[in-house]
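Fold and contact review
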Amino acid sequence: MNKLEQLRQEAVEKITEVKNLNGLNDLRVLYLGKKGPVQELMKAMKDLPKEEKPAFGQKVNELKKELSQFIEERKEALAKLEMEAKIEKEKIDITLPGRVPELGTMHPLNLVRQELEDLFIGLGYQVIEGDDIVDDLYCFERANIPKDHPARDMQDSLYINPERLLRTHTTAIQMVVLEQSAPDKAIKVVCPGKVYRRDDDDATHSHQFMQMEGLVIGEHVTLADLKGTLEFAAKKLFGDERKVRFRPSFFPFTEPSVEVDVSCHICGGKGCPTCKGTGWIEVLGAGEVHPNVLKMAGYDPEKWNGFAFGIGIERMAMLKYGIDDIRHFYTNDKRFTSTFKRFE
Ligand code: PHE
């Protein structure tokens, strides 16, 4: 009984003094473990006289219970202390001013492209993209551009091998869409994308630029439909007052072909430097799809017809935002690109 009391005091003292959870766990193993003194006392019971056994056994059980309980209490207290210490150590100063993340802006070419896409989607068009590297067949042959046409000249096009080149116009996508839809599907698509030409860069020329091809094929699609469509687009982009006019032109893949002018959005048509005093700004080429093009793609030109147009995205962006040099789009100077609003 003496030994038991001594053990109790010693254990209580140690458990009271222990400073952390690991130390406490060591003590639990030390006193209450299989090889610990409490267990030893249990074993020693067998040497006691029979009449003393029950009382002693009860005492040992009480001690065991008391120590277990005390260890649990200390465990809670120590866990709380350790948590408090951790919180103290990991404290963050929430009064420090934060770092403001720098937000990028949409590139003006993407803004214009998106605006055009939205506009045409609103008119029921589908947006189709194609490959940048295309067969000569789709870029030229199917566009009714014969082998000796100057547009195929090595001076103008970037060939990869005699049959493959970087597309020089989005008309190459038009030819693929035509072939895929022939012989009897109506079409209403716009095809935006980059195009490439062997050109020396200056304020108005770039060896890489963007176009958006438009193509509508049906059974009764007229030049008047084309004019109405482009007038709607011009009003959306440059204001309700805009007017559109057609001038005769030539493209091998359209007949008749037209050059499309929009009344100047700067001076309203009176004449100013932007429109070079004419009151009109040339914006794109267009026309009725040439019967040869329809035939080569697999359509019956007696039954099907349609119009196509090719919008220069840079040209639109330059007019819309008053940009005077096409090279600004590609030099990625943040002082330039950051002036365009992110969500416009
Ligand atoms: N592909 C012509 C160009 O690059 C533009 C165009 C497209 C003209 C469709 C008429 C019809 O200049």
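This text follows the structure it describes.
Residues numbered from 1 in each chain as written. Predicted model: local features only at pLDDT ≥ 70, side-chain atom pairs only at ≥ 80, totals over all residues. Heavy atoms only, no water.

1. Let's talk about the side chain of Asp325
Along the chain, Asp325 turns up in the loop between helix H10 (313-321) and helix H11 (328-331). We classify Asp325 as buried; its relative accessible area is 16%. One polar contact links the side chain of Asp325 to the main-chain amide nitrogen of Arg327, over a distance of 2.9 Å. The contact partners of Asp325, leaving out residues within four places of it in the chain, are Asp202, Ala203 and Met318. (Helix = DSSP H or I, 4+ residues; strand = E, 2+ residues; numbered from the N terminus. Buried < 20%, exposed > 50% of the residue type's maximum accessible area, 1.4 Å probe, protein only. Polar contact = N/O pair within 3.5 Å; in protein donor to acceptor, adjacent residues only side chain to side chain. Contact = heavy atoms within 4.5 Å.)

2. As for the site of the ligand
Taken together, the neighbourhood of the ligand is formed by 13 residues, with His169, Thr171, Arg197, Gln211 and Glu213 sitting nearest. Thr171 is positioned with one of its side-chain polar atoms (N or O) 2.8 Å from a nitrogen atom of the ligand. Between the ligand and the protein, one listed contact pairs an oxygen atom with a side-chain N or O atom of Arg197 at 3.0 Å. When the ligand sits alone it has 320 Å² of accessible area, and the protein chains cover 88% of it. Elements represented by at least two residues in the shell around the ligand include exactly strand S6 (208-218), strand S9 (280-289) and strand S10 (305-312). With three residues, the top contributor of residues to the shell around the ligand is S10. Taken together, the residues of the shell around the ligand sort by class into five nonpolar, six polar and two charged. (Near = heavy atom within 4 Å. Areas by Shrake-Rupley, 256 points an atom, 1.4 Å probe, with all protein chains shown as cover. Nonpolar A, V, L, I, M, F, W, Y, C, P; charged D, E, K, R; others polar.)

3. A short note on helix H1 (residues 2-17)
A rise of 1.5 Å per residue sets the reference length of H1, with its 16 residues, at 22 Å; its end C-alpha atoms lie 23 Å apart and thus fit the reference within 8%. Buried within H1 are the following residues: Leu4, Leu7, Ala11 and Ile15. Buried residues of H1 fall within an arc of 60° about the axis and therefore sit on the same side. Away from its buried face, by an angle of more than 90 degrees, H1 presents the exposed residues Asn2, Gln6, Glu13 and Glu17. Against the buried residues of H1 lie helix H2 (21-32), helix H3 (37-44) and helix H4 (53-89). (Expected span 1.5 Å × (residues − 1). Arc of directions from axis to C-beta.)

4. Description of the sheet that holds strand S1 (residues 126-127)
Ordered by their spatial adjacency, seven strands build an open sheet running S1-S5-S6-S10-S9-S8-S7, and the pairing between neighbours is mixed. Edge positions in the open sheet fall to S1 and strand S7 (244-251), since each of these has one partner strand only. Both S7 and strand S8 (residues 254-263) contribute to a ladder of seven bridges, which runs antiparallel. The residue of S8 that forms the bridge with Val244 is Val262. Contacting strand S5 (187-196), S6, S9 and S10, helix H7 (residues 171-181) runs over the sheet at an angle of about 145° to S5. (Pairing = 2+ DSSP bridges. Axes fitted to C-alpha atoms, helices over the stretch in contact; angles between N-to-C directions.)

5. Some thoughts on the sheet that holds strand S3 (residues 158-161)
Read from one edge of the open sheet, three strands run S2-S4-S3, paired in antiparallel fashion. Two strands close off the open sheet at either side, each with one partner strand: strand S2 (133-135) and S3. Ignoring which end each strand starts from, the neighbouring axes of this sheet average 35° apart.

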